[in-house]
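An overview of the molecular structure
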Amino acid sequence: MNNSLKHIALILDGNKRWSKKNNINAISGYTKGFEKIKEIVDYSLDIKVSSITLFALSSENFNRASVSVIYEVIYKNFTNLLNQLIEEKDIKINIFGSKENLPKKIQDIFDKIEDISANNKSLILNIAFNYGFKNEVKYILQKVSSGEYKINFDNENDIKELFYLGNIKDPDLLIRTGGHKRLSNFIMYNLTYTELFFTETLWPDFSISEFKKIINDFYNIE
């Protein structure tokens, strides 16, 4: 396979609707979605993708009732994810977004994940959690105006370093599940030339075969 595909971004939409559709509780739905991440990462490793960026929780959805469900899923699945992705697969995990108003226990889990995986090299898994692009821009403007960062505005790398994703290659491809055709305030600076694919499939139902089809369609774009 052509290996020009290095970075895939995904907006994981449809966990709650999937739970409702299948008459199961939200925790089971989000757990199924959590497990789906591992499937996608495994296949991405097989095709030599070097970075994946996931939109797991928008700052605009932060006060929804489902956030407590997401916390519960993280508490229950953390050790499993740690073993399977970090220890067995040598994956580096980078979690970005506002951590200030997260529960201490979640902050500790995230810090531990990042710390343990810091030197891993097979793939970078970026997870946007309590994230919004407008908040990211505000955060950057505060950093620059405080004089904390001395940057050369003629140097594109200096500017990229101000953003959460830093200097890694911008996504080649973005996939949004769940049927909505919008970017929802997600890493807009990094998506300038990204090919966008939208699918009606709810995230827990998103299959490797559909993932492969979208990747093939990406390669067929002139």
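A short tour of the structure in this document, coming up. Keep in mind that this is a model prediction, so the values were computed, not measured.

Here's the deal with the overall build of the protein chain
When helices and strands are tallied, the protein chain shows 7 helices and 6 strands. Going residue by residue from the N terminus, the α and β elements of the protein chain occur as β-α-α-β-α-β-α-β-α-α-β-β-α. For the protein chain, the C-alpha radius of gyration of 17 Å lies close to 17 Å, the compact-globule estimate for 222 residues. Along the first, second and third principal axes, the C-alpha atoms of the protein chain reach 55 × 45 × 35 Å. By the burial criterion, 48% of the 222 residues in the protein chain qualify as buried. Restricting to contacts in the protein chain with at least 6 residues of sequence separation, those with at least 24 account for 75%.

A short note on the packing of helix α3 (residues 66–87) against helix α4 (residues 104–117)
At a closest axis distance of 11 Å, the pairing of α3 and α4 adopts a crossing angle of 10°. Here α3 is positioned roughly parallel relative to α4, judged by the angle of their axes. Taken together, the residues of α4 that come into contact with α3 (itself represented by Tyr-71, Ile-74, Tyr-75, Phe-78, Leu-81, Leu-82 and Ile-86) are Lys-105, Ile-106, Ile-109, Phe-110, Lys-112, Ile-113, Ile-116 and Ser-117. Looking at the contact of α3 with α4 residue by residue, the classes come out as 12 nonpolar, 1 polar and 2 charged.

What about the packing of helix α2 (residues 26–46) against helix α7 (residues 208–219)?
Direction vectors running N to C along α2 and α7 enclose 45°, while the axes themselves pass 10 Å from each other. Looking at the two axes, α2 sits oblique to α7. Viewed along their axes, α2 and α7 form a crossing whose handedness is right-handed. Of the residues in α7, those in contact with Glu-39, Ile-40, Tyr-43 and Ser-44 of α2 are Ile-208, Phe-211, Lys-212 and Ile-215.

Re the packing of aromatic side chains
For the coordinates displayed, the defined rule picks out 14 aromatic pairs. Their ring planes at 10° and their centres at 4.4 Å tell us that Phe-55 and Phe-186 sit as a pair that is stacked. Separated by 131 residues along the polypeptide, Phe-55 in strand β2 (residues 51–58) and Phe-186 in the loop between β5 (173–176) and β6 (195–198) bring together distant segments of the chain. Both residues of the pair, Phe-55 and Phe-186, count as buried.

Topic: unusual backbone geometry
Look at Lys-48: it is not a glycine, yet its phi comes out positive at around 65°. Given a relative accessible area of 57%, Lys-48 falls into the exposed group. Non-glycine residue Ser-184 carries a positive phi angle of around 50°. Relative to the helices and strands, Ser-184 is located in the loop between β5 and β6.

Quick notes on the sheet that holds strand β3 (residues 91–96)
Strand order in the open sheet made by the 6 strands is β3-β4-β2-β1-β5-β6, with parallel pairing throughout. Each edge of the open sheet carries a strand with a single partner, namely β3 and β6. Here the average twist between neighbouring strands, direction ignored, is 20°. In the sheet, strand β1 (residues 7–11) pairs with β2 via 5 bridges, with the strands oriented parallel. Residue pairing across strands places Ile-11 opposite Phe-55, the latter belonging to β2.

Notes on the layout of surface pockets
Estimates place the volume of the largest pocket at around 930 Å³. Around the largest pocket, the lining is made up of 36 residues, and of these Leu-12, Asn-15, Tyr-30, Ala-56 and Leu-57 lie nearest the centre. The greatest single-element share of the lining of the largest pocket, amounting to 6 residues, is contributed by α3. Here the lining of the largest pocket is built from residues that sort into 20 nonpolar, 8 polar and 8 charged. Around the second largest pocket, the lining comprises 13 residues; the ones closest to its centre are Ser-98, Glu-100, Asn-135, Tyr-139 and Tyr-164. Of all elements in the fold, only β4 (123–131) and α5 (133–145) reach the threshold of two or more residues within the lining of the second largest pocket.

Rules behind the numbers
- Residues numbered from 1 in each chain as written.
- Predicted model: local features only at pLDDT ≥ 70, side-chain atom pairs only at ≥ 80, totals over all residues.
- Heavy atoms only, no water.
- Helix = DSSP H or I, 4+ residues; strand = E, 2+ residues; numbered from the N terminus.
- Rg over C-alpha atoms; globule rule 2.2 N^0.38 Å.
- Buried < 20%, exposed > 50% of the residue type's maximum accessible area, 1.4 Å probe, protein only.
- Contact = heavy atoms within 4.5 Å.
- Axes fitted to C-alpha atoms, helices over the stretch in contact; angles between N-to-C directions.
- Parallel < 35°, antiparallel > 145°, perpendicular 65-115°, else oblique.
- Nonpolar A, V, L, I, M, F, W, Y, C, P; charged D, E, K, R; others polar.
- Left-handed = near helix turned anticlockwise from the far one by under 90°.
- Phe/Tyr/Trp six-rings, centres within 6.5 Å; stacked < 30°, edge-to-face > 60°.
- Pairing = 2+ DSSP bridges.
- 1 Å grid on protein atoms, 1.4 Å probe; cavity = no way out; pocket = protein on both sides within 12 Å on 5 of 7 lines; lining within 4 Å.
- Points joined across faces, edges and corners; volume = space filled by probe spheres on them.

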